[in-house]
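Architecture and fold: a report
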Amino acid sequence: MAGKLTEDDLAPVAGGGLLHRRLFLQGGLVLATAQTATSLGAEEEAKPRAEDPTDPSWIHRTGLPFSGYGTPSKYEKYVARNIGGNRTPAGDGVSWTPLEDLEGIVTPSGLHFERHHDGVPDIDPAAHRLVIHGLVRQPLEFTVSDLLRYPMRSRFLFIECGGNSNAGWHEEPIQRPVGDFHGLVSCSEWTGVPLSILLDEAGVDAKASWVIAEGADAGLLNVSLPLAKLMDDAIVALYQNGERVRPENGYPIRLIVPGWEGITNVKWLRRLHVTDAPAMTRNETAKYTELQPSGKARMFTFVMDAKSLITSPSPGQKMHGANIYEIRGIAWSGRGKIAKVEVSADGGKSWAEAHLQEPVMAQCFTRFRSPWAWNGQSALLKSRATDETGYVQPERDVLVKERGREGYFHYNAIVCWAVDEDGTISHVYA
Amino acid sequence: MSMLRRAAAAIFVPVVATSAIAADTDVKAPRLGTPLSTGEIAKWDRTIFADGRGLPPGKGAAKDGRVIYEQKCADCHGLRGEGGTAEELVSEPKPPSGDYPSKAIGSYWPFAPTIFDFVRRSMPPAAAGTLTANETYALTAYLLAANGVIGEGDEMNAKTLAAVHMPNRDGFIWIDVKP
């Protein structure tokens, strides 16, 4: 199966059978992948049709008609967000991106994670405005049509909920598919008006240092943000992955604050109050702050630190026996580009550098891949991200020792999957 | 280079070069914002600051707040604020610690005007923004009294609410921005 490769090529570069990442560039390496139980189910579903692959019925008759807006194949219908919302009150909850079912770096808009505090407002764009007021020379109001006429910029950016991966603080490792554990993060191309253009038009007063951003959902979610960051790189986004922002992601406009925790990327943006102090809203005091063992809480922890995950193989998938596999995953950092991802198959005793797939962009998902010759023995898989500032993703015991277990938000420790001899994969603390 | 490739290259360049919008000093933009008058801004502005700026006229006390709480809040937050499908609201009036990691109002919330602001804009979820200023002051008074932060008979208004000292006022460390 790897005829052109020499024995040297297949010599492990780290314990447990990790191979050199250059193997991807040479080609000719046939890789097995762990398969999800659900995708096996989809194949079985196709079986009753008893189609002959050499002469299936669909090569003999006109296919389905054109469609105004395409949808995924019916055989992929299991790929969906897992909804974890409350029943009462109904609008307060989350839905998770199924990271284990996705490839590349862009999250399909319909699978972008959701965190709503009081449901998704049904906003008529003709009745929506963006208001800028406070410490400005001239308070202004913009219609959505106005905003569509401004110069725009696009960036591929992840958005991660500050509460993503919070099950990592639990005493016992949670056993769920990776998306249901870490899927409050997604990555899109966001296009819109640099906020600095609109703030400059209003004329920001020299005394201003904060901006309170408010959404038009029920509850008028609001957060305070430092003016300097908003002037630097914030975007008033009108488009997500080429089409207008989806309702659950902030239609008609969403504030995009690159690399900062999800709640600062205010959806359904309607008001920017330029001020000289934070308002100290509920969501930046009682929530989205992290209680430490000292009794003090971390506040205004805006930046999402570097993190990585192995999405395949991962819990819920099954190995097919000893063979060469591709370890696949994603890494991201709110502080800039991912500089390096290392993977380990022996629980962190030894590490091999993974291949980073281009493009590698700041505050964006980076896809990593690493060839692995699994010998069928039990193994402990880990990935460890380093970003361009030199920050290294911490081991769990280090993070817990520093932060305790009551912080809830900003869990970014190294994740460990145990591969059993029978091919099952589970989440462990190791 | 084919037309197609040239177009692809042209599209790709901005993608890799847009990490610093602020450095993009040559942006020429229309000026389409419509000026707002002071009266118009007042209809939009619902900000209430930690120091009480923005609190509206009105007043309320715990005994009236209790009635509203039992009607509109207790189903989710529990009859005595102990929590239910929604978070707990009542704790002892002392800061949290490793042994007492409570994030309820009395132990965690650093500013009393925040309670008024959040209740007025967000609660109850099925009818957000429908409580009057007096009702909101009364509910805020009830929650503060239930947490032992103020007395049962203390009236809350713009002045007295801003003056309430929360037990965990100094319990926070700013991380990514400095005070």
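Figured I'd write up the structure that's included with this text.

So, how was this worked out
- Residues numbered from 1 in each chain as written.
- Chains lettered and ligands numbered in written order.
- Predicted model: local features only at pLDDT ≥ 70, side-chain atom pairs only at ≥ 80, totals over all residues.
- Heavy atoms only, no water.
- Helix = DSSP H or I, 4+ residues; strand = E, 2+ residues; numbered from the N terminus.
- Buried < 20%, exposed > 50% of the residue type's maximum accessible area, 1.4 Å probe, protein only.
- Contact = heavy atoms within 4.5 Å.
- Areas by Shrake-Rupley, 256 points an atom, 1.4 Å probe, with all protein chains shown as cover.
- Buried area = accessible area lost by both parts, 1.4 Å probe.
- Salt bridge = Lys/Arg side-chain N within 4 Å of Asp/Glu carboxyl O.
- Polar contact = N/O pair within 3.5 Å; in protein donor to acceptor, adjacent residues only side chain to side chain.
- Nonpolar A, V, L, I, M, F, W, Y, C, P; charged D, E, K, R; others polar.
- Pairing = 2+ DSSP bridges.
- Axes fitted to C-alpha atoms, helices over the stretch in contact; angles between N-to-C directions.
- Parallel < 35°, antiparallel > 145°, perpendicular 65-115°, else oblique.
- Left-handed = near helix turned anticlockwise from the far one by under 90°.
- 1 Å grid on protein atoms, 1.4 Å probe; cavity = no way out; pocket = protein on both sides within 12 Å on 5 of 7 lines; lining within 4 Å.
- Points joined across faces, edges and corners; volume = space filled by probe spheres on them.

**Concerning the overall build of chain B**
- Scanning chain B from terminus to terminus reveals eight helices and four strands.
- Along the chain direction, N to C, the helices and strands of chain B fall in the order α-β-α-β-α-α-α-α-α-β-α-β.
- With 179 residues in all, chain B has 42% of them scored as buried.
- If you take every contact in chain B between residues at least 6 apart in sequence, the share linking residues at least 24 apart comes to 56%.
- Of the roughly 9,500 Å² of accessible surface on chain B, 57% is carried by carbon and sulfur atoms.

**What about the interface of chain A and chain B?**
- Taken residue by residue, the interface counts 70 residues in chain A and 53 residues in chain B.
- Here chain A meets chain B over a buried area of about 5,400 Å², counting both sides, of which 62% is carbon and sulfur.
- On the surface where chain A and chain B come into contact, there are five salt bridges.
- Between Arg53 of chain B and Asp276 of chain A there is a salt bridge whose closest N-O contact spans 3.6 Å.
- Inspection of the chain A/chain B interface yields 28 residue pairs in polar contact (both at pLDDT 80 or more).
- Class assignment of the residues belonging to the side of chain A that touches chain B gives a composition of 32 nonpolar, 16 polar and 22 charged.
- Where strand S6 (residues 140-143) of chain A lies against strand S1 (residues 34-35) of chain B, two bridges are found, and the strand directions are antiparallel. Bridge assignment links Glu141 of chain A to a residue of S1 of chain B, and that residue is Thr34 of chain B.

**Brief notes about the pattern of salt bridges**
Residues and elements named next belong to chain A.
- Per the counting criterion, the structure on display carries 32 salt bridges over all chains.
- Between Arg81 and Glu248 there is a salt bridge, with its nearest N and O atoms 2.9 Å apart. Taken together, the residues span a long stretch of sequence, with Arg81 in the loop between helix H2 (37-46) and strand S2 (82-83) and Glu248 in the loop between strand S12 (243-244) and strand S13 (254-256) at a distance of 167 residues. Assigned by exposure class, Arg81 and Glu248 land together as buried.
- Here Glu160 makes a salt bridge to Lys307, at a shortest N to O gap of 2.7 Å. Pair noted here: Glu160 is in strand S7 (residues 153-160) and Lys307 is in strand S17 (residues 307-312), with a separation of 147 residues, a long-range link.
- Look at Glu160 and you get buried, because its relative accessible area is 1%.

**Some remarks on unusual backbone geometry**
Residues and elements named next belong to chain A.
- Residue Pro313 follows Ser312 across a cis peptide bond; omega there is -5°.
- Topologically, Pro313 is positioned in the loop between S17 and strand S18 (317-318).
- The phi angle at Tyr288 is positive, at roughly 55°, despite the residue not being glycine.
- For Tyr288, the position within the fold is in the loop between helix H7 (282-285) and strand S15 (290-291).
- Residues other than glycine seldom take positive phi values, yet Phe300 does so here, at roughly 55°.

**Comments concerning the packing of helix H6 (residues 113-122) of chain B against helix H7 (residues 133-146) of chain B**
Residue and element names in this part refer to chain B.
- Across the interface, H6 lies against H7 with an axial gap of 9 Å and an inter-helix angle of 130°. If you check the angle between H6 and H7, you find them oblique. As H6 runs across H7, the sense of the crossing is right-handed. Residue-level inspection shows Ile115, Phe116, Val119 and Arg120 of H6 in contact with H7, the latter providing Ala133, Thr136, Tyr137, Leu139, Thr140, Leu143 and Leu144.
- Split into classes, the residues belonging to the contact of H6 with H7 amount to eight nonpolar, two polar and one charged.

**Here we look at the sheet that holds strand S24 (residues 379-387) of chain A**
Residue and element names in this part refer to chain A.
- Across the sheet, five strands lie side by side as S21-S20-S24-S25-S26; this open sheet has antiparallel pairing. This sheet does not close on itself; its edge strands, each paired only once, are strand S21 (352-353) and strand S26 (425-428).
- With six bridges connecting them, strand S20 (residues 338-344) and S24 associate as antiparallel partners. When the bridges of S24 are listed, Lys340 appears paired with Thr386.

**Quick word on the sheet that holds strand S14 (residues 269-275) of chain A**
- Strand order in the open sheet formed by six strands is S10(A)-S9(A)-S14(A)-S5(A)-S6(A)-S1(B), with mixed pairing between adjacent strands. The open sheet has two edge strands with one neighbour each: strand S10 (222-226) of chain A together with S1 of chain B.
- Pairing of strand S9 (residues 210-215) of chain A with S14 of chain A involves six bridges; the strand directions are antiparallel. Bridging from a neighbouring strand, Glu214 of chain A pairs with Arg271 of chain A of S14 of chain A.

**Here we look at the pairing of strand S5 (residues 129-134) of chain A**
Residues and elements named next belong to chain A.
- Examined bridge by bridge, S5 and S6 share four bridges and lie antiparallel to one another. Residue pairing for S6: Arg129 is matched across the bridge by Thr143.
- Turn length for the S5-S6 hairpin, with the two strands adjacent in sequence and antiparallel, is five residues.
- Examined bridge by bridge, S5 and S14 share four bridges and lie parallel to one another. Bridging from a neighbouring strand, His133 pairs with His273 of S14.

**Examining empty space enclosed by the protein**
Residue and element names in this part refer to chain A.
- What the rule picks out here adds up to four cavities of 30 Å³ or more.
- Of the volumes computed, that of the largest cavity is approximately 210 Å³.
- Surrounding the largest cavity, 19 residues form its lining, Arg115, Arg254, Gly262, Ile263 and Lys267 being those nearest its centre.
- Per-element accounting of the lining of the largest cavity gives the leading share, three residues, to strand S4 (residues 114-116).
- Its residues assigned to classes, the lining of the largest cavity comprises seven nonpolar, six polar and six charged.

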